[in-house]
Amino acid sequence: MIRLIRPACPHPAALASNNYKHPLNKEALKIASHDKCMYCECKISHIDFAHVEHIKPKAEGKYPELAFTWSNLGYACPKCNNAKSDNYHVDTPYINPYDEDPENSLVAYGTFLFSKNGCERGDLTISDLKLNRPDLLEKRQLRIQEFKSSIDACFRTSSRVLREAALAELQKETETDKELSLFVKSFMALNAA
Ligand SMILES: [Zn+2]
């Protein structure tokens, strides 16, 4: 999970008429999270597969009044969205990448996501949203292995100038628009510093 910036709602009239899935608004949420799930940072292959996520659940007895509130919407993959379901803890809310920097509460180490500094909300976010589920561990491992091969290739280059240029190029893989960027960034910091 990485910090996201919420854009202005492009089509507030749709929300006012009780439509939270309007394509213009969904597209804006997609762009804001770099075409990735706001929680697990996996690319969502087709916008139809993406869910408009209610950060505070819209279920009866929860926060139905926030069902059409822009600041309560996000872009999530079906797996995170289903795992989160209608859960929400008032005293220990899930980490919300639109409202805070997740890197204050969560840290990527290897293929695992951990809470930071004993952060209870981080722990709860990881366990309830299943952010170390097997398919994510596998994706992270593949991504890191591929990235490691590129780092190795850089270090095997005899020319210092070429190596530095290649490493600078690789740095782009840690940018926020790349899949699982938190994990790649963490790996890069530990292995190519
Ligand atoms: Zn996800």
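This one's a predicted model, so the numbers in the text were calculated from it and none came from an experiment.

Caption draft 1: Fine view of the coordination of the zinc ion. Note on the zinc ion: its protein donors are Cys37 (SG), Cys40 (SG), Cys77 (SG) and Cys80 (SG). The metal-donor distances range over 2.3 to 2.4 Å. Each of the 4 donor atoms around the zinc ion contributes to a set of angles spanning 106 to 114 degrees, which defines the coordination as tetrahedral. Counting along the primary sequence, the residues that act as donors to the zinc ion give the motif C-x2-C-x36-C-x2-C. Residue cysteine 37 shares its accessibility class with cysteine 40, and that shared class is buried.

Caption draft 2: The arrangement of the packing of helix H5 (residues 134-155) against helix H6 (residues 160-170) in detail. Where H5 contacts H6, the two axes come as close as 8 Å, and the packing angle between them is 160 degrees. Looking at the two axes, H5 sits roughly antiparallel to H6. For the pair H5 and H6, the crossing hand works out as left-handed. Residues Phe147, Ser150, Ile151, Cys154 and Phe155 of H5 form the contact with H6, whose participating residues are Arg163, Ala166, Leu167 and Leu170. Classifying every residue of the contact of H5 with H6 gives 7 nonpolar, 1 polar and 1 charged.

Caption draft 3: Molecular detail of the environment of leucine 124. Turning to its location among the elements, leucine 124 is positioned in helix H4 (residues 120-128). In this structure leucine 124 comes out as partly exposed when scored by relative accessible area, which is 22%. Remark: the alpha-carbon pair of leucine 124 and alanine 14, spanning 110 residues in sequence, is separated by 33 Å. Setting aside anything within four residues of it in sequence, one finds leucine 124 in contact with His89, Thr92, Tyr94 and Leu129.

Caption draft 4: Highlighting unusual backbone geometry. Residue glutamate 41 is not a glycine yet carries a positive backbone phi of 65 degrees. When you line up the elements, glutamate 41 lands in the loop between helix H2 (23-32) and strand S1 (51-54). With a relative accessible area of 2%, glutamate 41 lands in the buried category. One non-glycine residue, serine 85, lies in positive phi territory at about 50 degrees. Here serine 85 lies in the loop between helix H3 (78-84) and strand S3 (106-109).

Caption draft 5: Seen up close, a nonpolar patch on the surface. Taken together, Val107, Tyr109, Phe112, Phe114 and Leu190 make up a surface patch of nonpolar side chains, about 490 Å² in accessible area. Elements represented by at least two residues in the nonpolar patch include exactly S3 and strand S4 (112-115). Tracing the sequence through the fold places phenylalanine 114 in strand S4. With relative accessibility at 40%, the residue phenylalanine 114 sits in the partly exposed group.

About the cut-offs
- Residues numbered from 1 in each chain as written.
- Predicted model: local features only at pLDDT ≥ 70, side-chain atom pairs only at ≥ 80, totals over all residues.
- Heavy atoms only, no water.
- Donors = N, O, S within 2.8 Å, 3.2 Å for Na, K, Ca; no water.
- Tetrahedral: all angles 85-135°; square planar, octahedral: opposite > 155°, others 65-115°.
- Buried < 20%, exposed > 50% of the residue type's maximum accessible area, 1.4 Å probe, protein only.
- Axes fitted to C-alpha atoms, helices over the stretch in contact; angles between N-to-C directions.
- Helix = DSSP H or I, 4+ residues; strand = E, 2+ residues; numbered from the N terminus.
- Parallel < 35°, antiparallel > 145°, perpendicular 65-115°, else oblique.
- Left-handed = near helix turned anticlockwise from the far one by under 90°.
- Contact = heavy atoms within 4.5 Å.
- Nonpolar A, V, L, I, M, F, W, Y, C, P; charged D, E, K, R; others polar.
- Patch = residues over 30% accessible without salt bridge, like charges linked within 9 Å, V, L, I, M, F, W, Y side chains within 5 Å.
- Areas by Shrake-Rupley, 256 points an atom, 1.4 Å probe, with all protein chains shown as cover.
- Salt bridge = Lys/Arg side-chain N within 4 Å of Asp/Glu carboxyl O.

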